[in-house]
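Take a look at the letters that make up each chain.
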Amino acid sequence: MSLNITLPDGSVRAFDGPVTVAEVAANISAGLARVALAGKVDGKLVDTSFRIEQDASVAIITSHDADGVEVIRHSTAHLLAHAVKEVYPDVQVTIGPVIENGFYYDFATPRPFGPEDLAAIEKRMAEINKRDLPVIREVMGRDEAVAFFKNMGEAYKAEIISSIPANEQLSLYRQGDFIDLCRGPHVPSTGKLKVFKLMRVAGAYWRGDSKNEMLQRVYGTAWAKKEDQEAYITRLEEAEKRDHRKIGKQLDLFHLQDDAPGMIFWHPKGWSLWQEVEQYMRQVYRKHGYHEVRCPQILDKSLWQKSGHWDNFSKNMFTTESEARDFAIKPMNCPGHVQIFNQGVRSYRELPLRYGEFGSCHRNEPSGALHGVMRVRGFTQDDGHIFCTEDQIQGEVSDFIVLLKRVYADFGFTDIQYKLATRPEQRVGSDATWDKAEQALDQALTAAGVEFEVLVGEGAFYGPKIEFHLRDCIGRTWQCGTIQADFSMPGRLDAEYVDEDNTRKVPVMLHRAILGSLERFIGILIENFAGAFPLWLAPTQLVVMNISEAQIPYAQQVVDALRAEGVRAEIDLRNEKIGYKIREHSMQKVPLQVVIGDKEMAAQVVAVRDRSGQDLGQMSLDGLLALVRAGVAERSGVSV
RNA sequence: GCUGUUGUAGCUCAGGGGUAGAGCAACUGAUUCGUAAUCAGUAGGUCGGAGGUUCAAAUCCUCUCAACAGCACCA
């Protein structure tokens, strides 16, 4: 019986009988056989030992394929587990999947791993790589496999297998003395795994549940080529250089200290940046029909009970008391806005009624969740609430999506992902209400013509939400904006309006934010621009430097004129060499640098350079002002 | 919150039972200079906090606070 193998280039090779992927590779060339890591038979990824029984299309997978790198990572996870079992025989293995850029493996260990353990394990991995052990696939029935792993003392593995249907055949992979349950495929031998590095150890809960015991998770990275791994590590270092906590310190933007965990001290420059963002958003409120409001920070507990926060959110709320009354510091702005809505009798003619606030909120986040300015306990939202009728929801949501895209573009972000988060387990409101709310958001997204992902069970307790995630210049995504349809809270807090037919109705409330938390958004801006803010945001837009004492009066005159026109200009008259001053201001990322020497003073002009060192030439004061204005007007230079 | 790691001068970091260190920044003086570091000098620390062991603790032990990484959380 002969069979035909079709290769990716369309050519067909005939074989006398069943062949393995490895044999097909060898038939093509000895070189290919040497580098083959796996195969793709009729679109399915398999081991090189896989036997092809009938006509098929076959691709040989090498380290040049994305699939090949995946296989390398997966096999390196096994290599890690193998090494751990050799170095620490009393450790139990659990699972070890491939993740972005690498893999991890969770172990149950009698004592936690430290950095020295990592080094020892990595060394053993290199040894096993040198042994070039063949990786052999075996098949077992489920019950047989459970018994097999129990017998080896691998309780976790046995537990995983027990949850697989009884009639299924399981594949196991053996390399030397090490054997692990795995779907595969794997590289043909451990000698193929040359480029890897263990990155860190951390605790991780068994089956991802914080009620379970904690395992030791070892993270690693693995690549086809050494250069790829080096490039990856360089990329990590680059990201580290952009870390907002580091840049915040370098540029003197803010600080945090032990006395106020998760709360930020904004320094003058950081606050300048903040104010630019806030004033910009205030314009957005004004231009798009929002009334800016301001509500109390502290409200009586009973109001939070009524709104549902006390039942659903109290573990995250800071509380206080006075004269035997209990209060809570607001974690959200919505109940406050409903109180404003409730003053007086509302008519359907007033809807949609939009309130916006730069709402200062406090949430008692778990200590382990805190992260610089990105995840804090005290933060400010650009929080708006739209009171409207059901018929108005879709239009409001659609308008919001358009607005949000424009705002993000002004900050330099154009790559946005959309997600619809549906009803969570813990919630208020009837299922019928949730049906309605989820449908409304779904329709608005569809009408906006954007693709979106559904996040099942991740909505807020009072309603479903659309999440807007933006991608920064190094490819990371951040959730910022949101819009949520709430059919419950207005009713709970007694909001109503008089409709056309003179009956009283409960309005729908849309919760919405564009930037989300200003703290977090500014953190994202810092990392996205690596501190080199566009002119409109830069805390110091321009610095004027003299070359020697003789030009001090003229330099002072120039900076005064710029400041009078609203330019955030600084002056540096220190008795230092011009190169020294330029270096300092360049490191401080000041966008425009004005140098004044005798020549400029004589001609009543200024010499301008930018922070990257580009010479913008000599110009008059008016010319400089025009340059600044044009730069500010351009914002982040992106148009939608 | 959980596991691990870390906390020393304004910043970056060294020192690991025996007198607290470096570079940069700061301050003082000299230098008046043309596009990313001029020279010299001075000052600066309860070694995160509280207990303990010791003749002696930044160093060892206990507790605690905070930060960092991951997990869980992100309503």
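Predicted model only: the values in this text are computed from it and were never measured.

**Digging into the pairing of strand β36 (residues 615-619)**
Move 1: Two elements, strand β35 (residues 606-610) and β36, share 4 bridges in a ladder whose sense is antiparallel. Within β36, the residue paired with R609 across the bridge is D615.

**Considering the nonpolar core**
Move 1: Residues V407, Y408, F411, F468 and F533 are the most contacted members of the largest nonpolar core, which totals 64 residues.
Move 2: Ranked by the residues each element gives to this core, the list is headed by helix α13 (residues 393-410), at 8 residues.
Move 3: Filtering out sequence-adjacent residues up to four positions away, F533 remains in contact with L251, L253, L273, L525, I526, A538, P539, P591 and R611.
Move 4: Ranked by size, the runner-up nonpolar core spans 30 residues in total, among them A77, V84, I128 and A222.

**Considerations on unusual backbone geometry**
Move 1: Residue P352 follows L351 across a cis peptide bond; omega there is -5°.
Move 2: With respect to the helices, strands and loops of the structure, P352 is situated in the loop between β22 (346-347) and β23 (353-362).

**Considering the protein's contact with RNA strand B**
Move 1: Of all residues adjacent to RNA strand B, which total 55 residues, the nearest are F313, M332, R363, A460 and N575.
Move 2: Backbone atoms, meaning sugar and phosphate, make up 50% of the atoms of RNA strand B lying within 4 Å of the protein.
Move 3: One of the backbone nitrogen or oxygen atoms of G203 is found 3.2 Å away from a sugar or linking oxygen of RNA strand B.
Move 4: In this structure, R609 approaches RNA strand B through a side-chain N or O atom, which is 2.6 Å from a base oxygen.
Move 5: Where the surface near RNA strand B is concerned, the elements lending two or more residues are β14 (195-205), β15 (214-223), α8 (244-250), α18 (578-587), α19 (598-603) and β35.
Move 6: Broken down by element, the surface near RNA strand B gets its largest block of residues, 7 residues, from α18.
Move 7: Considered class by class, the residues forming the surface near RNA strand B number 21 nonpolar, 16 polar and 18 charged.

**Some thoughts on the sheet that holds strand β11 (residues 136-141)**
Move 1: One open sheet holds the 3 strands; their spatial order is β11-β12-β13, and the pairing between them is antiparallel. In this open sheet, the two edge strands, each paired with only one partner strand, are β11 and β13 (178-181). This sheet shows a mean twist of 30° between the axes of neighbouring strands, independent of strand direction.
Move 2: Relative to strand β12 (residues 169-175), β11 runs antiparallel, the two being bridged by 6 bridges. Paired with E138 across the strands is L172, a residue of β12.
Move 3: In the packing of helix α3 (residues 66-87) onto the sheet, the strands contacted are β12 and β13, and the crossing angle to β13 comes to about 130°.

What counts and what doesn't
Residues numbered from 1 in each chain as written. Chains lettered and ligands numbered in written order. Predicted model: local features only at pLDDT ≥ 70, side-chain atom pairs only at ≥ 80, totals over all residues. Heavy atoms only, no water. Pairing = 2+ DSSP bridges. Helix = DSSP H or I, 4+ residues; strand = E, 2+ residues; numbered from the N terminus. Core = buried A, V, L, I, M, F, W, Y, C linked by side-chain atoms within 4.5 Å. Buried < 20%, exposed > 50% of the residue type's maximum accessible area, 1.4 Å probe, protein only. Contact = heavy atoms within 4.5 Å. Near = heavy atom within 4 Å. Polar contact = N/O pair within 3.5 Å; in protein donor to acceptor, adjacent residues only side chain to side chain. Nonpolar A, V, L, I, M, F, W, Y, C, P; charged D, E, K, R; others polar. Axes fitted to C-alpha atoms, helices over the stretch in contact; angles between N-to-C directions.

Geometric descriptors of this kind do not, in isolation, establish any biological role.
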